[in-house]
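Survey of secondary and tertiary structure
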Amino acid sequence: MFLKITPAVQKRLNKYLKQPALKVLLNFDDGVGLYSKVQATCSLEVNFNLIIVNSSADLTDFDSQVNTSMGSFLIKGYSKEFLDEENRLFLTKFGSLCLTGDRTGLIANNLPIIDLSQTTEKPKIGLEPIDEIAN
């Protein structure tokens, strides 16, 4: 599995990857782990984001990696099922990051870059409260 990162996206990520203590997480935002903001969902949406973390980050859920044009990014192993063998990360004409696969096509059309590289404690992303269902 490979993720081709276009030069425009590489330019955005270079400031992080020049620092050897930082890691990039290609996070499947599915409600699992410290870095996921969403709760379980029944929709067919696939949400990914790029999270920059330092050496003190808890990487328990990131048990696999994907090779990229910029080195390896850590991922949750089971999230590979949403990626193709050949993938591409590029900037749209509006400046957002877009992830596509060679067979699937569009995987995620707006990947945010979340910089937690200065964080020394557990991330404060956390789950958002949901409405209780009245009985």
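Keep in mind it's a predicted model, so treat the numbers as computed, not measured. (Residues numbered from 1 in each chain as written. Predicted model: local features only at pLDDT ≥ 70, side-chain atom pairs only at ≥ 80, totals over all residues. Heavy atoms only, no water.)

This paragraph deals with the packing of aromatic side chains. A complete count under the given rule lists three aromatic pairs for this structure. The interplanar angle of 75° and the centroid separation of 6.5 Å between the aromatic rings of phenylalanine 28 and tyrosine 78 together place this pair among those described as edge-to-face. Of this pair, phenylalanine 28 sits in strand S2 (residues 23-28) while tyrosine 78 sits in the loop between strand S5 (71-75) and strand S6 (86-91); the two residues are 50 residues apart in sequence, bridging distant segments of the chain. In this structure an aromatic cluster arises from ring pairing among Phe28, Phe48, Tyr78 and Phe82. (Phe/Tyr/Trp six-rings, centres within 6.5 Å; stacked < 30°, edge-to-face > 60°. Helix = DSSP H or I, 4+ residues; strand = E, 2+ residues; numbered from the N terminus.)

What follows is about the nonpolar core. Buried together is how nonpolar side chains tend to be arranged in soluble globular proteins. Core analysis: the largest hydrophobic core is formed by 23 residues, its most contacted members being Leu26, Phe48, Leu50, Phe73, Leu89, Leu99 and Leu111. Mapped by element, the contributors of at least two residues to this core are strand S1 (2-5), helix H1 (7-17), S2, strand S3 (48-53), S5, strand S7 (97-101) and strand S8 (105-111). Among residues more than four places away in sequence, those in contact with phenylalanine 73 are Leu3, Ile5, Leu13, Leu17, Val24, Leu50, Ser64, Gln65, Val66 and Thr68. Of all hydrophobic cores here, the second largest spans eight residues; its members include Tyr35, Val53, Ala57 and Leu74. (Core = buried A, V, L, I, M, F, W, Y, C linked by side-chain atoms within 4.5 Å. Buried < 20%, exposed > 50% of the residue type's maximum accessible area, 1.4 Å probe, protein only. Contact = heavy atoms within 4.5 Å.)

Moving on, we get to the side chain of threonine 6. Along the polypeptide, threonine 6 turns up in the loop between S1 and H1. On the basis of relative accessibility, which here comes to 11%, the residue threonine 6 falls in the buried class. The contacts of threonine 6, once residues within four sequence positions are left out, are Arg88, Leu89, Phe90 and Leu91.

The next point concerns H1. Where H1 is concerned, the buried positions are Val9, Leu13 and Tyr16. Taken around the axis of H1, the buried residues stretch over an arc of 20°, which confines them to a single face. Every exposed residue of H1 that faces more than 90 degrees away from the buried side is listed here: Pro7, Lys11 and Lys15. At its buried positions, H1 is contacted by S1, S3, S5, S6, S7 and strand S9 (113-115). (Arc of directions from axis to C-beta.)

Position of leucine 50 relative to the elements: it lies in strand S3. Separated by 63 residues in the primary sequence, leucine 50 and isoleucine 113 have C-alpha atoms spaced 4.8 Å apart. Those residues in contact with leucine 50 that sit more than four places away from it in its chain are Leu13, Val24, Leu25, Leu26, Phe73, Leu89, Leu97, Leu111, Pro112, Ile113 and Ile114.

This next bit is on the pairing of S6. Examined bridge by bridge, S1 and S6 share four bridges and lie parallel to one another. Following the sheet pairing, phenylalanine 2 is matched in S6 by glutamate 86. The pairing of S6 with S7 spans five bridges and is classified as antiparallel. Counterpart to leucine 91 in the pairing with S7 is leucine 97. As consecutive antiparallel partners, S6 and S7 are separated by five residues, and within that stretch glycine 95 has a phi angle of approximately 90°, a positive value. (Pairing = 2+ DSSP bridges.)

The next point concerns the environment of leucine 13. For leucine 13, the position within the fold is in helix H1. Spatially, the C-alpha atom of leucine 13 lies 9.8 Å from that of leucine 50, the residues being 37 residues apart in sequence. Apart from the residues lying within four places of it in its own chain, the contact partners of leucine 13 are Leu50, Met70, Phe73 and Ile113.

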